[in-house]
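Each chain, letter by letter, is given below.
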Amino acid sequence: MLKIGLIGCGTIGTSICKAIDDGTIEAELFAIYDRNMDDVDKLLSTLKRYKPQVMETSAMIKEIDLLVECASQGAVYEVIPAALHAHCDVMIMSVGAFADEKLHKTIRELAKDNNCKVYLPSGAIVGLDGLKSASSEEIYSVTLTTQKPPRGLAGAPYIIRNKIDLDKINGRNVIFEGPASEAVKAFPANVNVAATLSIAGIGFEKTKVKIVANPALTRNIHEISVEGVFGEFTTRVENVPSPTNPKSSYLASLSAIATLKKISNPFQIGT
Ligand SMILES: NC(=O)C1=CN([C@@H]2O[C@H](COP(=O)(O)OP(=O)(O)OC[C@H]3O[C@@H](n4cnc5c(N)ncnc54)[C@H](OP(=O)(O)O)[C@@H]3O)[C@@H](O)[C@H]2O)C=CC1
Ligand SMILES: O=C([O-])CC(=O)C(=O)O
């Protein structure tokens, strides 16, 4: 059975561990880690079947088949190259880290050299299937428009740097427009989806991102517009925010679970 280790015991990490624990994902939950011990304890208290060991990732990667990252972009630097060196496959949620070209190249090379897989779930967006198909021909433009209730943007470096008072926003307000390369650094916990979109499509510089704070909303909305030789498409998802972290949409947790279900299943059907 696939032996999993996980870093990041917050919202997505807890959903994943529960899905392993209740058998939705057929895998062994071997070890977990978080810099925040309260989150570790909270997560452990939700599990009925598994009692994973709590250990640093440097130790767990010697024992596991797959490391799941659901912590932060910083954690990608800290743990993913080491995991690939140790011949572990990896699944990464904090995809924004790939905006760093050097890290991106290192991860691709290490995966190739060590015969490992790097899994990037669709996360909180829909439409990657069409973008991947369309990418065999020229793509003219990819635009992501993300709208969140103001509290879903709280704490972002861009908000702090520009002293934006989210409580004072009383209508639909475009607060950022720029390339995905800048968006994922300015909003590292809000638009990792822009990174996934960039990697699947035309890269971090050409992928355009607009971020809107909208107090009238209760959901996180991601709209994607793609134009290319194939024609054009638009997708729109209205995401229920996770109750424990309004920045992260519930669909992101479900997408991580769906990816792990696929990886852990030895029986694969269809193209
Ligand atoms: N790809 C996608 O579509 C999506 C990606 N995400 C990303 O996935 C990641 C997880 O999201 P979510 O579960 O909602 O986040 P949470 O904040 O709920 O949980 C993250 C946990 O990881 C811990 N952590 C962060 N960095 C490190 C580190 N370097 N070492 C150890 N522990 C660390 C945090 O500790 P502390 O509390 O101390 O910070 C926290 O306990 C985030 O980066 C988020 O932005 C989210 C939604 C969609
Ligand atoms: O969950 C979402 O709506 C998107 C998100 O936070 C991210 O991509 O980082």
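Heads up: these notes are all about the structure in this document. As the structure is a prediction and not an experimental result, all values here were calculated from the model.

**Observations concerning unusual backbone geometry**
Line of reasoning, step 1. Phi at H87 is positive, roughly 65 degrees, even though this residue is not glycine.
Line of reasoning, step 2. Along the chain, the position of H87 falls in the loop between helix 4 (73–85) and strand 5 (89–92).
Line of reasoning, step 3. Despite not being glycine, N115 shows a phi value in the positive range, around 55 degrees.
Line of reasoning, step 4. Mapped onto the elements, N115 comes out in the loop between helix 5 (101–113) and strand 6 (118–119).
Line of reasoning, step 5. Of the residues examined, N115 reaches a relative accessible area of 70% and is grouped as exposed.

**Focus: the sheet that holds strand 10 (residues 220–228)**
In sheet architecture, strand pairing relies on hydrogen bonds along the backbone and comes in two forms, parallel and antiparallel.
Line of reasoning, step 1. Read from one edge of the open sheet, five strands run 8-9-7-10-11, paired in mixed fashion. The two strands at the open ends of the sheet, each matched to only one other strand, are strand 8 (173–179) and strand 11 (231–239). Averaged over all adjacent pairs, the angle separating strand axes in this sheet is 10 degrees, with direction ignored.
Line of reasoning, step 2. Pairing between strand 8 and strand 9 (residues 207–213): six bridges, direction antiparallel. Across the sheet, the residue bridging to G178 is V209, located in strand 9.

**Considerations on the nonpolar core**
Line of reasoning, step 1. If you look at the biggest cluster of nonpolar residues, it comprises 89 residues, and the most contacted ones within it are I16 and F187.
Line of reasoning, step 2. In terms of residue count, the dominant contributor to this core is helix 4 (six residues).
Line of reasoning, step 3. Residues contacting F187, with those up to four places away along its chain left out, are L153, A156, Y158, I159, I175, F176 and I211.

**Considerations on the pairing of strand 11**
Line of reasoning, step 1. The sheet contact formed by strand 10 and strand 11 spans nine bridges and is antiparallel. Bridge assignment links H222 to a residue of strand 11, and that residue is V237.
Line of reasoning, step 2. If you look at the hairpin formed by strand 10 and strand 11, you'll find two residues sitting between the two strands.

**Concerning the site of ligand 2**
Line of reasoning, step 1. Taken together, the residues surrounding ligand 2 are A124, K148, A189, N190, V191, N192, V193, N220, H222, K247, S248 and S249.
Line of reasoning, step 2. The contact in question runs from an oxygen atom of ligand 2 to an N or O atom on the backbone of A189, over 3.4 Å.
Line of reasoning, step 3. Taking V193, its main chain carries an N or O atom lying 2.9 Å from an oxygen atom of ligand 2.
Line of reasoning, step 4. If ligand 2 stood free it would expose 260 Å²; the protein chains cover 94% of that surface.
Line of reasoning, step 5. Contributing elements (two or more residues each) for the shell around ligand 2: helix 9 (192–200), strand 10 and strand 13 (245–249).
Line of reasoning, step 6. Residue classes in the shell around ligand 2 are distributed as four nonpolar, six polar and two charged.

**With respect to the site of ligand 1**
Line of reasoning, step 1. With respect to spatial proximity, 26 residues lie near ligand 1, and among them D34, D39, S72, S94 and S248 are the closest.
Line of reasoning, step 2. At 2.7 Å, a side-chain N or O of S94 approaches an oxygen atom of ligand 1.
Line of reasoning, step 3. When the free accessible area of ligand 1 is taken as 920 Å², the share hidden by the protein chains comes to 84%.
Line of reasoning, step 4. Taken together, the residues of the shell around ligand 1 break down into 12 nonpolar, 10 polar and four charged.

About the criteria used
- Residues numbered from 1 in each chain as written.
- Chains lettered and ligands numbered in written order.
- Predicted model: local features only at pLDDT ≥ 70, side-chain atom pairs only at ≥ 80, totals over all residues.
- Heavy atoms only, no water.
- Helix = DSSP H or I, 4+ residues; strand = E, 2+ residues; numbered from the N terminus.
- Buried < 20%, exposed > 50% of the residue type's maximum accessible area, 1.4 Å probe, protein only.
- Pairing = 2+ DSSP bridges.
- Axes fitted to C-alpha atoms, helices over the stretch in contact; angles between N-to-C directions.
- Core = buried A, V, L, I, M, F, W, Y, C linked by side-chain atoms within 4.5 Å.
- Contact = heavy atoms within 4.5 Å.
- Near = heavy atom within 4 Å.
- Polar contact = N/O pair within 3.5 Å; in protein donor to acceptor, adjacent residues only side chain to side chain.
- Areas by Shrake-Rupley, 256 points an atom, 1.4 Å probe, with all protein chains shown as cover.
- Nonpolar A, V, L, I, M, F, W, Y, C, P; charged D, E, K, R; others polar.

No statement about biological role is implied by the geometric values presented.
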